[in-house]
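Observations on the three-dimensional arrangement
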Amino acid sequence: MATPYVTDETGKYIASTQRPDGTWRKQRRVKEGYVPQEEVPVYENKYVKFFKSKPELPPGLSLEAAVPPGKQPGKAEGGESGLSKAAKRNLKRKEKRKQQQEKGERETDELSHSLEKVSLGGDAPGAAPQPACGTQGPADGEAAASEKAKKIKSLRKKLRQVEELQQRLDSGEIKQPTKEQLEKLGRRKALEEELQDLELDL
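The notes below deal with the structure included here. (Residues numbered from 1 in each chain as written. Predicted model: local features only at pLDDT ≥ 70, side-chain atom pairs only at ≥ 80, totals over all residues. Heavy atoms only, no water.)

What follows concerns a positive patch on the surface. Taken together, the side chains of K85, K88, R89, K92, R93, K94, R97 and K98 make up a positively charged region of the molecular surface. Positionally, R97 belongs in helix α3 (residues 85–123). What makes R97 exposed here is its relative accessible area of 54%. (Patch = residues over 30% accessible without salt bridge, like charges linked within 9 Å, V, L, I, M, F, W, Y side chains within 5 Å. Areas by Shrake-Rupley, 256 points an atom, 1.4 Å probe, with all protein chains shown as cover. Salt bridge = Lys/Arg side-chain N within 4 Å of Asp/Glu carboxyl O. Lys, Arg positive; Asp, Glu negative; His and termini not counted. Charge placed at Lys NZ, Arg CZ, Asp CG, Glu CD. Helix = DSSP H or I, 4+ residues; strand = E, 2+ residues; numbered from the N terminus. Buried < 20%, exposed > 50% of the residue type's maximum accessible area, 1.4 Å probe, protein only.)

Taken together, the side chains of E102, E105, E107, D109 and E110 present a region of like negative charge at the surface. Looking at the secondary structure, you find E105 in helix α3. Classification of E105 as partly exposed rests on a relative accessible area of 46%.

All right, on to the sheet that holds strand β2 (residues 11–14) then. The strand order across the open sheet built from 3 strands is β1-β2-β3, with neighbouring strands paired in antiparallel fashion. For this open sheet the edge positions go to β1 (5–8) and β3 (28–30), each flanked by a neighbour on one side alone. Strand-to-strand, the axes of this sheet are offset by a mean angle of 35°, without reference to chain direction. In this sheet, β3 lies alongside β2 in antiparallel orientation, the contact comprising 3 bridges. Bridging across to β3, K12 finds its partner in V30. (Pairing = 2+ DSSP bridges. Axes fitted to C-alpha atoms, helices over the stretch in contact; angles between N-to-C directions.)

As a further point, take the pattern of salt bridges. Two side chains carrying opposite charge are able to pair once their charged atoms lie near each other. Per the stated rule, a full pass over the model turns up 6 salt bridges. Residues K52 and E44 are paired through a salt bridge, measuring 2.5 Å at the closest nitrogen-oxygen approach. A relative accessible area of 57% places K52 in the exposed class. Here E44 falls in the partly exposed class, since its relative accessible area comes to 26%. With a closest N to O distance of 3.4 Å, R188 and E192 form a salt bridge. Taken together, the positions of R188 and E192, both in helix α6 (residues 188–201) and 4 residues apart, correspond to about one turn of that helix. Here the residues in one salt-bridge network are E163, R188 and E192, joined through shared partners.

Laid out in structure tokens, this is it:
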């Protein structure tokens with residue numbers, strides 16, 4: 001309840017009031033700037049002020065979802081008037097990132113579609129594979145050559161392992177070869193033929 005003030009030519013006073021028992025309180029003179037105890041605002045530290053300034057929404061619910069469509073809380077008619085410079089800058093950065101992400105997603109979709117077309121086009125019977133542009137031909141040739149080189153290297157390694165296994169068997173180091181070791185020795189001829197074919201293609 002606000003304190004009733006009386007002002008006259010001599011100054012400002014708190015008006016005299018009657019107590020419940022019928023007696024009267026004297027009027028009191030008030031100095032300039034005096035605030036009665038009951039009118040002093042309650043002290044709030046910065047954390048309390050911060051939480052009071054936040055919107056009262058459940059955690060995870062954004063202001064856009066809470067406001068009906070057609071009304072945007074952050075944007076007044078003249079732009080983002082309620083935001084500081086840093087907040088405006090952050091909003092711009094966020095929008096830019098979103099646009100770049102959408103652009104990247106579109107590019108990956110286009111690329112995946114073009115790859116699907118290329119792979120589907122190669123499976124068609126009687127259709128000769130055609131490079132999409134002039135620079136793709138040499139790159140494909142280099143990729144095929146590197147694949148062949150890798151294949152040759154792995155075949156040579158397998159042959160080396162087979163030869164080592166044969167030497168260990170001949171020397172008596174291995175008395176009872178396992179099923180896998182016997183299969184490895186049986187594949188020696190096939191590995192040599194495959195290696196010769198690949199070397200001839202190069």
